[in-house]
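One letter stands for each residue in the lines below.
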Amino acid sequence: MRHTEEAAPDAVDARLGARLAALRAEHGWSLGDVAQRSGISRSTLSRAERAEISPTASLLNRLCAVYGRTMSQLLSEVETEPALLVRAADQQVWHDRGAGFVRRSVSPPHRGLRGELVEGRLAPGADLAYDRPPVPGLEQHVWVLEGALALTVQDDEHHLDTGDCLRLRVWGPTRFRCAGDTEVRYALAVVLP
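Parameters at a glance
- Residues numbered from 1 in each chain as written.
- Predicted model: local features only at pLDDT ≥ 70, side-chain atom pairs only at ≥ 80, totals over all residues.
- Heavy atoms only, no water.
- Salt bridge = Lys/Arg side-chain N within 4 Å of Asp/Glu carboxyl O.
- Buried < 20%, exposed > 50% of the residue type's maximum accessible area, 1.4 Å probe, protein only.
- Helix = DSSP H or I, 4+ residues; strand = E, 2+ residues; numbered from the N terminus.
- Polar contact = N/O pair within 3.5 Å; in protein donor to acceptor, adjacent residues only side chain to side chain.
- Contact = heavy atoms within 4.5 Å.
- Pairing = 2+ DSSP bridges.
- Axes fitted to C-alpha atoms, helices over the stretch in contact; angles between N-to-C directions.
- 1 Å grid on protein atoms, 1.4 Å probe; cavity = no way out; pocket = protein on both sides within 12 Å on 5 of 7 lines; lining within 4 Å.
- Points joined across faces, edges and corners; volume = space filled by probe spheres on them.
- Core = buried A, V, L, I, M, F, W, Y, C linked by side-chain atoms within 4.5 Å.

K.L.:
Is there a simple way to explain the pattern of salt bridges in this structure?
P.N.:
If the charged atoms of two oppositely charged side chains come close together, the side chains can form a pair. Per the counting criterion, the structure on display carries 15 salt bridges. Arginine 47 is the partner of glutamate 52 in a salt bridge, and the nearest nitrogen-oxygen pair spans 3.5 Å. For arginine 47, a relative accessible area of 34% gives the class partly exposed. Ionic pairing is found between arginine 169 and glutamate 139, a salt bridge with its closest N-O pair at 3.7 Å. Here arginine 169 is found in strand β8 (residues 165-170), whereas its partner glutamate 139 is found in strand β5 (residues 138-146), with 30 residues between them in sequence. The network of salt bridges with common partners includes Arg104, Glu119, Arg121, Glu146, Glu183 and Arg185.

K.L.:
What is the right way to read the side chain of serine 38 from this model?
P.N.:
Note that serine 38 resides in helix α2 (residues 31-38). Side-chain polar atoms of serine 38 contact the backbone nitrogen of isoleucine 40, separated by 3.2 Å.

K.L.:
Help me out: how do you make sense of the environment of threonine 70 in this one?
P.N.:
Mapped onto the elements, threonine 70 comes out in the loop between α4 (57-67) and α5 (71-76). In this structure threonine 70 comes out as buried when scored by relative accessible area, which is 2%. C-alpha separation for the pair threonine 70 and leucine 122, spaced 52 residues apart in sequence, amounts to 20 Å. Excluding anything up to four places from it in sequence, threonine 70 contacts Cys64, Glu116, Pro134, Val135, Leu138, Val190 and Leu192.

K.L.:
Help me understand the sheet that holds strand β3 (residues 115-122) in this model?
P.N.:
Within a beta sheet, neighbouring strands are joined by backbone hydrogen bonds and run either parallel or antiparallel to one another. Taking strand neighbours across the sheet as the criterion, the six strands line up as β1-β2-β3-β10-β5-β8 in an open arrangement whose pairing is antiparallel. In this open sheet, the two edge strands, each paired with only one partner strand, are β1 (93-96) and β8. Direction aside, the axes of adjacent strands within the sheet are offset by 20° on average.

K.L.:
Is there a simple way to think about empty space enclosed by the protein in this case?
P.N.:
Unfilled space is identified by rolling a water-sized probe across the atoms. According to the stated counting rule, one finds one cavity of 30 Å³ or more in the structure shown. As a volume, the largest cavity reaches approximately 280 Å³. Asn61, Met71, Tyr130, Gln140 and Leu188 are the residues nearest the centre of the largest cavity, which is lined by 21 residues in total. Sorting the residues of the lining of the largest cavity by element identifies α5, β2 (101-107), β3, β5, β9 (174-178) and β10 (184-191) as the ones contributing at least two each.

K.L.:
Would you mind showing me how to read the pairing of β5 here?
P.N.:
In the case of a regular strand, side chains alternate between the two sheet surfaces. In the sheet, β5 pairs with β8 via six bridges, with the strands oriented antiparallel. Considered in β8, the bridge of glutamine 140 is made with leucine 168. In this sheet, β10 lies alongside β5 in antiparallel orientation, the contact comprising seven bridges. Residue pairing for β10: glutamate 146 is matched across the bridge by arginine 185.

K.L.:
Looking at this model, I keep getting lost on the pairing of β9. Mind explaining?
P.N.:
Along β9, the buried face is formed by Thr174, Phe176 and Cys178; none of Arg175 and Arg177, which line the opposite face, is buried. When strand β4 (residues 127-130) meets β9, the two strands line up antiparallel, connected through four bridges. Its bridge partner being in β9, leucine 128 is matched across the sheet by phenylalanine 176. For strand β6 (residues 149-153) and β9, the ladder comprises five bridges, and the chain directions are antiparallel. Paired with threonine 152 across the two strands is arginine 175, which belongs to β9.

K.L.:
Explain the nonpolar core here, please?
P.N.:
The nonpolar side chains of a soluble globular protein tend to be buried, and buried together. With 44 residues, the main nonpolar core has Phe101, Leu122 and Phe176 as its most contacted residues. In contact with phenylalanine 101, not counting residues within four places along its chain, are Ala57, Trp94, His95, Asp96, Gly120, Arg121, Leu122, Leu128, Tyr130 and Tyr186.

In structure tokens form, the structure reads like this:
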């Protein structure tokens, strides 16, 4: 989020807001229609579309579910066409500062490919809850690179330490929580059904 009202919108937030507005228009939906489908207030949706706020991971996840996209697909739609070779310096990094979450799109979605690779970082105490998958049946492989992660899939909690990998298909709510005193860093492989 911006700290002052006079600050210009972040470039990614501005492109993301424009894409959200375009998706809504493509479906012929009003703000009220999207609010009803997502459970997000009309005013919050309007502010996100105008880049007056930087959307949270939870908000984007709900909108991705409404529009049938993964978060990486949505974020890739606001960037230029991804190259086959993705240099570290060119990997898009997105911050949800309020939640203590950093998301790096290591291998973003690409036409003709069903998989993508994301690096996630959660600060100590960070707790991200998603009420639904962006795409039902989404295949995920979560590999902890450093630290400890508590990952709840529907009602089952799994504790992952460095080197552990959890493989799953996501049909319901999930929760990612930093389970240690230091940051947790993990790789998330996502494969569309």
